[in-house]
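Fold and geometry: a report
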Amino acid sequence: MSSRILMVLTSHDRLGDTGEPTGFWLEELAAPYYACLDAGAEVVLASPMGGKPPLDPKSDAEESQTEATRRFQQDDEAQQALANTRRLSEVSADDFDAVFYPGGHGPLWDLVDDKDSVRLIEAFWAQQKPVAAVCHAPIALIHARDTNGEPIIRGREVTGFTNGEEAAVGLTEVVPHLVEDALIDGGARYSKGDDFTPYTRRDGQLITGQNPPSSEPTARLLLEALGQ
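**Some remarks on the side chain of Gln-205**
On the secondary structure map, Gln-205 appears in the loop between strand 8 (200–203) and strand 9 (206–209). Look at Gln-205 and you get buried, because its relative accessible area is 17%. In terms of polar contacts, Gln-205 uses its side chain to reach the backbone carbonyl oxygen of Trp-125, at 3.3 Å. Those residues within four positions of Gln-205 in sequence are excluded, and the remaining contacts are Phe-124, Trp-125, Gln-128, Lys-129, Pro-130 and Val-131.

**Here's the deal with the sheet that holds strand 9**
Here seven strands make up an open sheet; going across it, the order is 3-2-1-4-5-9-8 and the pairing mixed. Looking at the sheet topology across the chains shown, the edges are occupied by strand 3 (86–87) and strand 8. Across five bridges, the pairing between strand 1 (residues 4–8) and strand 2 (residues 42–47) is parallel. Looking at the pairing, Val-8 lines up with Ala-46 of strand 2. Along the sheet, helix 4 (residues 115–126) contacts strand 1, strand 4 (98–101), strand 5 (131–134) and strand 9; its crossing angle with strand 4, the most-contacted strand, is approximately 140 degrees.

Criteria and cut-off values
Residues numbered from 1 in each chain as written. Predicted model: local features only at pLDDT ≥ 70, side-chain atom pairs only at ≥ 80, totals over all residues. Heavy atoms only, no water. Helix = DSSP H or I, 4+ residues; strand = E, 2+ residues; numbered from the N terminus. Buried < 20%, exposed > 50% of the residue type's maximum accessible area, 1.4 Å probe, protein only. Polar contact = N/O pair within 3.5 Å; in protein donor to acceptor, adjacent residues only side chain to side chain. Contact = heavy atoms within 4.5 Å. Pairing = 2+ DSSP bridges. Axes fitted to C-alpha atoms, helices over the stretch in contact; angles between N-to-C directions.

Structure, rendered in C-alpha coordinates:
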(Lines give C-alpha, C1' and ligand atoms only; values in the text may rest on other atoms or scores of the structure.)
Protein backbone atom coordinates (compact mmCIF):
# COMPACT_ATOMS: atom_id res chain seq x y z
CA MET A 1 0.00 0.00 0.00
CA SER A 2 1.45 3.38 -1.01
CA SER A 3 2.21 6.05 1.58
CA ARG A 4 0.16 9.23 1.88
CA ILE A 5 2.30 12.30 2.51
CA LEU A 6 0.96 15.68 3.58
CA MET A 7 2.93 18.73 2.38
CA VAL A 8 2.22 21.94 4.29
CA LEU A 9 2.82 25.30 2.60
CA THR A 10 2.74 28.84 3.95
CA SER A 11 -0.16 31.22 3.31
CA HIS A 12 1.90 34.35 4.14
CA ASP A 13 2.73 36.60 1.20
CA ARG A 14 4.43 39.77 2.56
CA LEU A 15 8.13 40.15 3.36
CA GLY A 16 7.81 42.11 6.59
CA ASP A 17 7.54 45.86 6.05
CA THR A 18 9.53 45.86 2.80
CA GLY A 19 6.47 45.90 0.57
CA GLU A 20 7.96 42.95 -1.30
CA PRO A 21 6.15 39.64 -1.86
CA THR A 22 7.20 36.34 -0.36
CA GLY A 23 5.70 32.88 0.11
CA PHE A 24 6.93 29.33 -0.39
CA TRP A 25 10.08 28.47 -2.35
CA LEU A 26 9.27 26.57 -5.51
CA GLU A 27 12.21 24.12 -5.54
CA GLU A 28 11.43 23.13 -1.94
CA LEU A 29 7.97 22.01 -3.01
CA ALA A 30 8.73 20.68 -6.49
CA ALA A 31 11.76 18.50 -5.69
CA PRO A 32 10.16 16.69 -2.70
CA TYR A 33 6.81 16.49 -4.52
CA TYR A 34 8.33 14.47 -7.36
CA ALA A 35 10.69 12.49 -5.13
CA CYS A 36 7.63 11.26 -3.26
CA LEU A 37 5.35 10.90 -6.27
CA ASP A 38 7.95 9.00 -8.28
CA ALA A 39 8.46 6.65 -5.33
CA GLY A 40 4.78 5.73 -5.54
CA ALA A 41 3.51 7.90 -2.68
CA GLU A 42 0.36 9.99 -2.77
CA VAL A 43 0.97 13.68 -2.03
CA VAL A 44 -1.67 16.04 -0.61
CA LEU A 45 -1.03 19.79 -0.28
CA ALA A 46 -2.36 21.94 2.55
CA SER A 47 -1.89 25.48 3.88
CA PRO A 48 -3.27 27.54 6.77
CA MET A 49 -5.78 29.39 4.58
CA GLY A 50 -6.33 26.69 1.96
CA GLY A 51 -6.63 27.50 -1.74
CA LYS A 52 -3.59 28.68 -3.69
CA PRO A 53 -0.61 29.56 -1.48
CA PRO A 54 1.69 32.44 -2.44
CA LEU A 55 4.81 31.61 -4.43
CA ASP A 56 7.94 33.62 -3.72
CA PRO A 57 8.57 35.19 -7.16
CA LYS A 58 12.33 34.98 -6.65
CA SER A 59 12.00 31.19 -6.61
CA ASP A 60 10.29 31.39 -10.01
CA ALA A 61 13.14 33.40 -11.57
CA GLU A 62 15.22 31.74 -14.26
CA GLU A 63 18.33 31.43 -12.06
CA SER A 64 16.32 29.46 -9.48
CA GLN A 65 14.93 26.89 -11.92
CA THR A 66 15.74 23.19 -11.70
CA GLU A 67 14.52 20.13 -13.55
CA ALA A 68 11.91 19.61 -10.83
CA THR A 69 10.62 23.21 -10.90
CA ARG A 70 10.22 23.15 -14.68
CA ARG A 71 8.41 19.84 -14.47
CA PHE A 72 6.12 21.22 -11.77
CA GLN A 73 5.26 24.34 -13.75
CA GLN A 74 4.34 22.25 -16.79
CA ASP A 75 2.36 19.65 -14.82
CA ASP A 76 -1.37 20.40 -15.02
CA GLU A 77 -2.19 17.98 -12.20
CA ALA A 78 0.41 19.55 -9.92
CA GLN A 79 -0.84 23.05 -10.74
CA GLN A 80 -4.39 21.98 -9.97
CA ALA A 81 -3.28 20.55 -6.61
CA LEU A 82 -1.42 23.78 -5.80
CA ALA A 83 -4.44 25.93 -6.67
CA ASN A 84 -6.63 23.93 -4.30
CA THR A 85 -4.62 23.19 -1.16
CA ARG A 86 -6.63 21.92 1.76
CA ARG A 87 -7.16 24.14 4.79
CA LEU A 88 -4.94 23.03 7.68
CA SER A 89 -7.80 23.17 10.17
CA GLU A 90 -9.59 20.47 8.16
CA VAL A 91 -6.64 18.08 7.95
CA SER A 92 -5.96 15.16 10.31
CA ALA A 93 -2.70 13.33 10.90
CA ASP A 94 -4.75 10.13 11.08
CA ASP A 95 -5.16 10.24 7.30
CA PHE A 96 -1.45 10.42 6.46
CA ASP A 97 1.78 8.50 6.97
CA ALA A 98 4.14 11.50 7.14
CA VAL A 99 4.27 15.29 6.89
CA PHE A 100 6.72 17.47 4.95
CA TYR A 101 7.11 21.26 5.29
CA PRO A 102 8.69 23.09 2.32
CA GLY A 103 10.24 26.43 3.20
CA GLY A 104 10.48 29.90 1.78
CA HIS A 105 10.35 32.96 4.02
CA GLY A 106 6.57 32.80 4.50
CA PRO A 107 6.66 30.20 7.31
CA LEU A 108 8.61 32.65 9.50
CA TRP A 109 5.40 34.67 9.82
CA ASP A 110 2.59 32.13 9.85
CA LEU A 111 3.70 28.52 10.35
CA VAL A 112 6.00 29.41 13.23
CA ASP A 113 3.03 29.52 15.61
CA ASP A 114 -0.01 28.47 13.59
CA LYS A 115 -2.17 26.49 16.04
CA ASP A 116 -3.43 24.04 13.43
CA SER A 117 0.10 23.40 12.22
CA VAL A 118 1.41 22.84 15.75
CA ARG A 119 -1.53 20.51 16.45
CA LEU A 120 -0.75 18.52 13.31
CA ILE A 121 2.95 18.19 14.03
CA GLU A 122 2.21 17.04 17.57
CA ALA A 123 -0.28 14.48 16.26
CA PHE A 124 2.18 13.09 13.70
CA TRP A 125 4.82 12.96 16.43
CA ALA A 126 2.55 11.17 18.90
CA GLN A 127 1.71 8.61 16.20
CA GLN A 128 5.45 8.10 15.57
CA LYS A 129 5.15 9.20 11.96
CA PRO A 130 7.97 11.04 10.14
CA VAL A 131 8.01 14.83 10.40
CA ALA A 132 10.22 16.62 7.85
CA ALA A 133 10.98 20.28 7.16
CA VAL A 134 13.47 22.09 4.95
CA CYS A 135 15.19 25.48 4.86
CA HIS A 136 13.04 28.05 6.74
CA ALA A 137 10.28 25.55 7.50
CA PRO A 138 11.98 23.96 10.56
CA ILE A 139 10.76 27.12 12.31
CA ALA A 140 7.37 25.36 12.35
CA LEU A 141 8.80 22.79 14.77
CA ILE A 142 9.80 25.07 17.62
CA HIS A 143 6.44 25.17 19.47
CA ALA A 144 5.50 21.51 18.95
CA ARG A 145 5.66 19.33 22.06
CA ASP A 146 5.59 15.63 22.76
CA THR A 147 3.08 13.86 25.01
CA ASN A 148 5.22 14.75 28.05
CA GLY A 149 5.06 18.45 27.21
CA GLU A 150 8.68 18.60 26.06
CA PRO A 151 9.65 20.40 22.82
CA ILE A 152 10.11 17.76 20.12
CA ILE A 153 13.35 19.40 18.94
CA ARG A 154 14.99 19.46 22.38
CA GLY A 155 18.15 17.37 22.38
CA ARG A 156 17.59 16.22 18.79
CA GLU A 157 19.78 16.73 15.75
CA VAL A 158 18.35 19.31 13.38
CA THR A 159 19.41 21.75 10.71
CA GLY A 160 17.78 24.66 8.89
CA PHE A 161 18.56 27.90 7.04
CA THR A 162 21.71 29.33 8.55
CA ASN A 163 22.36 32.83 9.87
CA GLY A 164 25.06 33.12 7.20
CA GLU A 165 22.62 32.20 4.46
CA GLU A 166 20.10 34.76 5.75
CA ALA A 167 22.82 37.40 5.75
CA ALA A 168 23.79 36.38 2.20
CA VAL A 169 20.26 37.08 0.95
CA GLY A 170 20.21 40.39 2.85
CA LEU A 171 17.22 39.67 5.08
CA THR A 172 18.71 39.35 8.56
CA GLU A 173 17.09 42.61 9.69
CA VAL A 174 13.79 41.92 7.89
CA VAL A 175 12.78 38.47 9.12
CA PRO A 176 11.03 38.06 12.51
CA HIS A 177 13.07 34.95 13.35
CA LEU A 178 16.46 33.53 12.41
CA VAL A 179 15.98 29.80 11.96
CA GLU A 180 19.41 28.82 13.26
CA ASP A 181 18.98 30.89 16.44
CA ALA A 182 15.39 29.71 17.01
CA LEU A 183 16.35 26.03 16.79
CA ILE A 184 19.32 26.48 19.11
CA ASP A 185 17.21 28.49 21.59
CA GLY A 186 14.67 25.64 21.50
CA GLY A 187 17.29 23.22 22.76
CA ALA A 188 17.98 21.42 19.49
CA ARG A 189 21.39 20.01 18.60
CA TYR A 190 21.76 22.26 15.57
CA SER A 191 24.41 21.69 12.93
CA LYS A 192 25.01 22.98 9.43
CA GLY A 193 27.00 22.48 6.26
CA ASP A 194 28.48 25.08 3.94
CA ASP A 195 26.10 27.82 2.86
CA PHE A 196 23.76 26.83 0.02
CA THR A 197 25.07 23.28 -0.27
CA PRO A 198 22.96 20.20 0.51
CA TYR A 199 22.93 19.26 4.19
CA THR A 200 20.40 17.12 6.05
CA ARG A 201 19.86 15.63 9.49
CA ARG A 202 17.74 12.69 10.55
CA ASP A 203 17.11 11.99 14.21
CA GLY A 204 14.62 9.13 14.33
CA GLN A 205 11.35 10.37 12.88
CA LEU A 206 12.56 14.01 12.77
CA ILE A 207 14.09 14.99 9.41
CA THR A 208 15.42 18.42 8.45
CA GLY A 209 17.27 20.04 5.56
CA GLN A 210 19.29 23.25 5.51
CA ASN A 211 18.41 25.06 2.28
CA PRO A 212 16.77 24.71 -1.17
CA PRO A 213 19.38 22.26 -2.54
CA SER A 214 18.67 20.09 0.53
CA SER A 215 14.98 19.67 -0.29
CA GLU A 216 15.22 16.53 -2.41
CA PRO A 217 17.70 14.80 -0.06
CA THR A 218 15.36 15.64 2.83
CA ALA A 219 12.47 14.03 0.96
CA ARG A 220 14.58 10.93 0.29
CA LEU A 221 15.28 10.61 4.04
CA LEU A 222 11.53 10.86 4.62
CA LEU A 223 10.90 8.07 2.14
CA GLU A 224 13.64 6.03 3.81
CA ALA A 225 11.91 6.55 7.16
CA LEU A 226 8.72 5.24 5.56
CA GLY A 227 10.57 2.19 4.22
CA GLN A 228 10.26 3.27 0.59
